[in-house]
Amino acid sequence: MPVSQHTIAGTVLTMPVVIRKADQHSAMFSVDADAAQRLIDYSGLEIFQYLPGRAILLQLLVRYIDGDLGKYHEYGTAFLVNKPGSHEKGIRAMAGAATLIHQLPVDQEFTLEAGRTIWGYPKIMADFNVREGRKFEFDVSADGQLITAIEFSRGLPHPAPKPQTLTTYSCLDGVTRETTSTMQSTGVRTRLGGAKIRLGEHPYAKELATLGLPKRALMTQSVTNVEMSFGDARAV
């Protein structure tokens, strides 16, 4: 099979794109499934319900340190969804759910262009402030308006999961795409609750408010090092 390549801002990227080092903080929230479905109807995908009428919203900050797309920050708003043609429900089926990337602000132009061009990720430019101390805090703003500010409490360490193969979806310019990626994590800490979120005035924040945020997280997780690789996207 011929090797796939993409030219972004004069740089040739050979697939798969590899991330050699990143760290991640994430918070999982339980939200109303009908409200979540209304937000993602544009994608043609179906929200995964882990309990009747309840959906999973993910809020993530990833700091990419060494990888083919350079060094940058990324803030993700994502939902667990069913793969096309699937209608699974229930906690036992969560492991097989996919992820729809609904919003994805970043702070570097190269990864913005690559993300939108190669995978159809809905990246926009944003500003990030990160504060590390007894607690880990960050805020992200775009167009001079605060989107969110999140404070994480420290979790308990536990063995890292086995290498994972993940399916993510994106929808840009009316085209829904599927991307397969691999991920290996080390230095994992998890706790119940553990995150406080504050919403700003940006339109993205107002979307989050329709889901019932701010509220207490179900669970939070931090990962000291994440290694990833991303293949090409395909339209679905």
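The name an unreviewed UniProt entry gives the protein is Acetoacetate decarboxylase family protein, with Mycobacterium paragordonae as the organism.

Asker: Would you mind showing me how to read the sheet that holds strand E10 (residues 127-132) here?
Answerer: Strand pairing in a sheet relies on backbone hydrogen bonds. The paired strands run either parallel or antiparallel. Read across the open sheet, the 4 strands follow the order E10-E11-E12-E16; overall the sheet is antiparallel. The outermost strands of the open sheet, each flanked by one partner alone, are E10 and strand E16 (195-199). Between one strand axis and the next, the sheet turns by 10° as a mean value, whatever way the strands run. Bridging between strand E11 (residues 136-142) and strand E12 (residues 145-152) involves 7 bridges; their strand directions are antiparallel. By the bridge assignment for E12, Val140 is matched with Thr148.

Asker: Looking at this structure, I do not really get the pattern of salt bridges. What am I missing?
Answerer: Evaluated as defined, the whole model comprises 8 salt bridges. Residue Asp68 is joined to Arg20 by a salt bridge in which the shortest nitrogen-to-oxygen separation is 3.1 Å. Here Arg20 lies in strand E3 (residues 17-32) and Asp68 lies in the loop between strand E6 (54-67) and strand E7 (72-82), a separation of 48 residues in the sequence. Overall, the relative accessible area of 38% leaves Arg20 in the partly exposed class. For Glu132, the salt bridge goes to Arg63, with nearest N and O atoms at 3.1 Å. Of the two residues, Glu132 sits in strand E10 while Arg63 sits in strand E6, which places them 69 residues apart along the sequence. Residue classification places Arg63 among the buried positions, given a relative accessible area of 15%. Three or more residues are tied together by salt bridges with common partners; here these are Arg20, Asp66 and Asp68.

What counts as what
- Residues numbered from 1 in each chain as written.
- Predicted model: local features only at pLDDT ≥ 70, side-chain atom pairs only at ≥ 80, totals over all residues.
- Heavy atoms only, no water.
- Pairing = 2+ DSSP bridges.
- Helix = DSSP H or I, 4+ residues; strand = E, 2+ residues; numbered from the N terminus.
- Axes fitted to C-alpha atoms, helices over the stretch in contact; angles between N-to-C directions.
- Salt bridge = Lys/Arg side-chain N within 4 Å of Asp/Glu carboxyl O.
- Buried < 20%, exposed > 50% of the residue type's maximum accessible area, 1.4 Å probe, protein only.

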